[in-house]
Amino acid sequence: MDLETAIRTRRTHKAFDAEPIDHATLLELFELARWAPNHHLTNPWRFRVLGPKTRAFLAGEAELDLRGSASKLQRAPTLIVASAKLDGDASEQRDDLLAAAIAAYIVLVGAHARGLAGYWRTVPLLDKPSVRAGLGVAADEQPIGLLHLGRPVQDQRVPARAAVAEIASFLD
Ligand SMILES: Cc1cc2nc3c(=O)[nH]c(=O)nc-3n(C[C@H](O)[C@H](O)[C@H](O)COP(=O)(O)O)c2cc1C
C-alpha cells in the first residue's frame, strides 16, 4: 500500500477478531514508530503491550472506576499503552508530547498498511496513580492513549473532513 493510500484509508476500528497481533509484527510497528520526527532527539515515545496479567489488572481498575469502561478493554486482542517521556523543560515537553503522538499514529497507520486495524482511545484511567504504578509508568511519563489493535471484522464509515480551504491559508 502506498503512503497516501494508507493515510487516506486508515480508519478507527473498534471491532476485531480474537487473534492477537504477533510479537514480530508489533516489533516492526515500534521500529517504524521510532522514525517519527523528534526535535530534541529524546526518543520520548514509549509503548507497553499489555499481557494477560496486565489486561486483567487494568480491567479490574476499570471496573472500580466510573471512567473505566471495562467492557471496551475486551474488544481488542492487542492493547498498547502509548506514552511520552517528558523530562525536559516546558518547551521540550511540548515537543516531546507531540513527537510521541506522531509515533503512536505511525503505529496505527503502519498496522493499517499491513491489513490490520486500530483505534486510539483516550483513557483517563491511565492517569490514576494506582494504574500508573501497576503499569510501571514513570513519574516523568505521560500516557497519551490506549491503542487497540487487531484484525478488522467490518468496514468503517468514512468521517467527513473539512475542506482544504477551511484549514489552510496562504499568507502574504
Ligand atoms: C488523540 C486521539 C484520541 C482519541 N480518543 C478516542 C476515544 O477516546 N474514543 C473514540 O471513540 N475515538 C477516539 N479517537 C479516534 C477518533 O474518534 C477518530 O480518529 C475520528 O472519529 C476520525 O475517524 P478515523 O480515525 O476513522 O478517521 C481518538 C483519536 C485521537 C487522535
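Residues numbered from 1 in each chain as written. Predicted model: local features only at pLDDT ≥ 70, side-chain atom pairs only at ≥ 80, totals over all residues. Heavy atoms only, no water.

When you go through the protein chain residue by residue, the secondary structure sums to seven helices and four strands. For the protein chain, the α and β elements follow one another from N to C terminus as α-α-β-α-α-β-α-β-α-β-α. Relative to the 2.2 N^0.38 estimate, which gives 16 Å for 172 residues, the radius of gyration of the protein chain is 17 Å and therefore close to what a compact globule would have. Projecting the C-alpha coordinates of the protein chain onto the three principal axes gives extents of approximately 55 × 45 × 35 Å. Considering the protein chain as a whole, with its 172 residues, one finds that 41% of them fall into the buried category. Contacts in the protein chain between residues at least 24 apart in sequence constitute 80% of all its contacts with a sequence separation of at least 6. Entry remark: accessible area of the protein chain is about 10,000 Å², with carbon and sulfur atoms responsible for 57%. Of note, the protein chain has its 21 positive side-chain charges centred 6 Å away from the centre of its 21 negative side-chain charges. (Helix = DSSP H or I, 4+ residues; strand = E, 2+ residues; numbered from the N terminus. Rg over C-alpha atoms; globule rule 2.2 N^0.38 Å. Buried < 20%, exposed > 50% of the residue type's maximum accessible area, 1.4 Å probe, protein only. Contact = heavy atoms within 4.5 Å. Areas by Shrake-Rupley, 256 points an atom, 1.4 Å probe, with all protein chains shown as cover. Lys, Arg positive; Asp, Glu negative; His and termini not counted. Charge placed at Lys NZ, Arg CZ, Asp CG, Glu CD.)

Counting residues in each nonpolar core, the largest one holds 23 residues, and the members touching the most others are L26, I80, V107, I144, L147 and L149. Those elements giving two or more residues to this core turn out to be α2 (23–33), β2 (78–85), α5 (90–113) and β4 (141–150). The leading source of residues in this core is α5, at eight residues. In terms of nonpolar packing, the next biggest core, distinct from the first, is built from 18 residues, L58, A59, L125 and V137 among them. (Core = buried A, V, L, I, M, F, W, Y, C linked by side-chain atoms within 4.5 Å.)

The relative placement of two packed helices is expressed as an angle between their axes plus a distance between the axes. Closest axis-to-axis distance for the α2/α5 pair is 8 Å, and the angle between their directions is 135°. Here α2 is positioned oblique relative to α5, judged by the angle of their axes. In the crossing of α2 with α5, the sense of the turn from one axis to the other is right-handed. Residues L29, F30, L32 and A33 of α2 form the contact with α5, whose participating residues are A103, I106, V107, G110 and A111. Classifying every residue of the contact of α2 with α5 by side-chain character gives eight nonpolar, one polar and no charged. (Axes fitted to C-alpha atoms, helices over the stretch in contact; angles between N-to-C directions. Parallel < 35°, antiparallel > 145°, perpendicular 65-115°, else oblique. Left-handed = near helix turned anticlockwise from the far one by under 90°. Nonpolar A, V, L, I, M, F, W, Y, C, P; charged D, E, K, R; others polar.)

What follows deals with the environment of V137. Within the element layout of this structure, V137 appears in the loop between α6 (129–135) and β4. Assessed through its relative accessible area of 10%, V137 is described here as buried. For V137 and R34, which are 103 residues apart along the polypeptide, the C-alpha to C-alpha distance reads 19 Å. When residues no more than four places from it in sequence are discounted, the contact partners of V137 are R48, R132 and P143.

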